[in-house]
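Inside the fold
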Amino acid sequence: MCFLGNSRTLKLGEGPVPLLTMAGTARHDREMAISAKRQLSTTSDPVERLRLQCLARGSSGIKGLSRTFRIMDDDNSRTLDLKEFLKGLNDYGVLIEKDEAHKLFQHFDRDGSGHIDFDEFLITLRPPMSNARKEVIMQAFRKLDKTGDGVITIEDLRGVYNAKHHPKYQNGEWTEEQVFRTFLDSFDSPDDKDGKVTKEEFTNYYAGVSASIDTDIYFIIMMKNAWKLN
């Protein structure tokens, strides 16, 4: 797999992984951010406005918001009350009027319980993806998750990738573990890197990438080449 923007590569199996995008391309990200900001000025739907604010940050925007809310879910209930919801939006730097934030919360609080389902919220917030895109994302995740426990760790990567071809490993700057950790950190939000990638984080990451790519065919080819999927 590659790291975008330079020539650092890991090798998959015997052959090198092509230098294709992992975070989309820088050009795709820029175009998506510009488009999202432009659409913000003409969109009134609160859900779409929040989605666009995330996409204006690039491929990792929704993933970052997900992380912010998950950190706040201290009891692992997978729900958020209004206070937690408003604080999460504020902590992530979302520009939203209080009235609009309340409407957004009410939209997801379908049963009027005063809580919203965290997973349902994120699924709705993700840019729509075709089933074909979702399936190829899951193929890549399953390939990396060697233990099948739903979390990608350094130990999983050791069974899939050869880090010894990485230039920083070869020049002695990084250890094998540092190579793998940097790879995993690329899926995490900047403020909370834990060296683990869940299925949710992986999907949120690629939902952002998907939003920057117009056609299913291009997205699927990119994923299959980058992850050497059959």
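Anyway, here's the lowdown on the structure attached to this text. These numbers come from a predicted model, not from an experiment.

**Here's the deal with helix α2 (residues 46-55)**
The buried count for α2 comes to 8 of 10 residues, which makes it a mostly enclosed element. For α2, the set of buried residues is Pro46, Val47, Leu50, Arg51, Leu52, Gln53, Cys54 and Leu55. Between the side-chain oxygen of the N-cap and the backbone nitrogen of Val47 there are 3.2 Å, and the N-cap of α2 in question is Asp45.

**Thoughts on the environment of Asp117**
By the element assignment, Asp117 lies in strand β4 (residues 115-117). Judged by its relative accessible area of 33%, Asp117 falls in the partly exposed class. Along the sequence, Asp117 and Ser77 sit 40 residues apart, while their C-alpha atoms lie 9.0 Å from each other. A distance of 3.1 Å separates a polar atom in the side chain of Asp117 from the backbone nitrogen of Asp119.

**Quick notes on the pattern of salt bridges**
Summed over all chains, the structure comprises 16 salt bridges. Glu120 serves as the salt-bridge partner of Arg110, at 2.7 Å between the closest nitrogen and oxygen. Separated by 10 residues along the polypeptide, Arg110 in the loop between α5 (98-108) and β4 and Glu120 in helix α6 (residues 118-125) bring together distant segments of the chain. Overall, Glu120 belongs to the partly exposed group, its relative accessible area being 32%. Its salt-bridge partner being Glu155, residue Arg158 comes within 2.4 Å of it at the nearest N-O pair. Highlighted residues: Arg158 and Glu155, both in helix α8 (residues 154-158), separated by 3 residues, approximately one helical turn. For Arg158, a relative accessible area of 33% translates into the label partly exposed. Among the residues examined, Glu155 registers a relative accessible area of 54% and is labelled exposed. Among the charged side chains, a network of salt bridges with common partners joins Arg67, Arg70, Arg78, Asp119, Glu200 and Glu201.

Conventions used here
Residues numbered from 1 in each chain as written. Predicted model: local features only at pLDDT ≥ 70, side-chain atom pairs only at ≥ 80, totals over all residues. Heavy atoms only, no water. Buried < 20%, exposed > 50% of the residue type's maximum accessible area, 1.4 Å probe, protein only. Helix = DSSP H or I, 4+ residues; strand = E, 2+ residues; numbered from the N terminus. Polar contact = N/O pair within 3.5 Å; in protein donor to acceptor, adjacent residues only side chain to side chain. Salt bridge = Lys/Arg side-chain N within 4 Å of Asp/Glu carboxyl O.

This is a description of form; function is not addressed.
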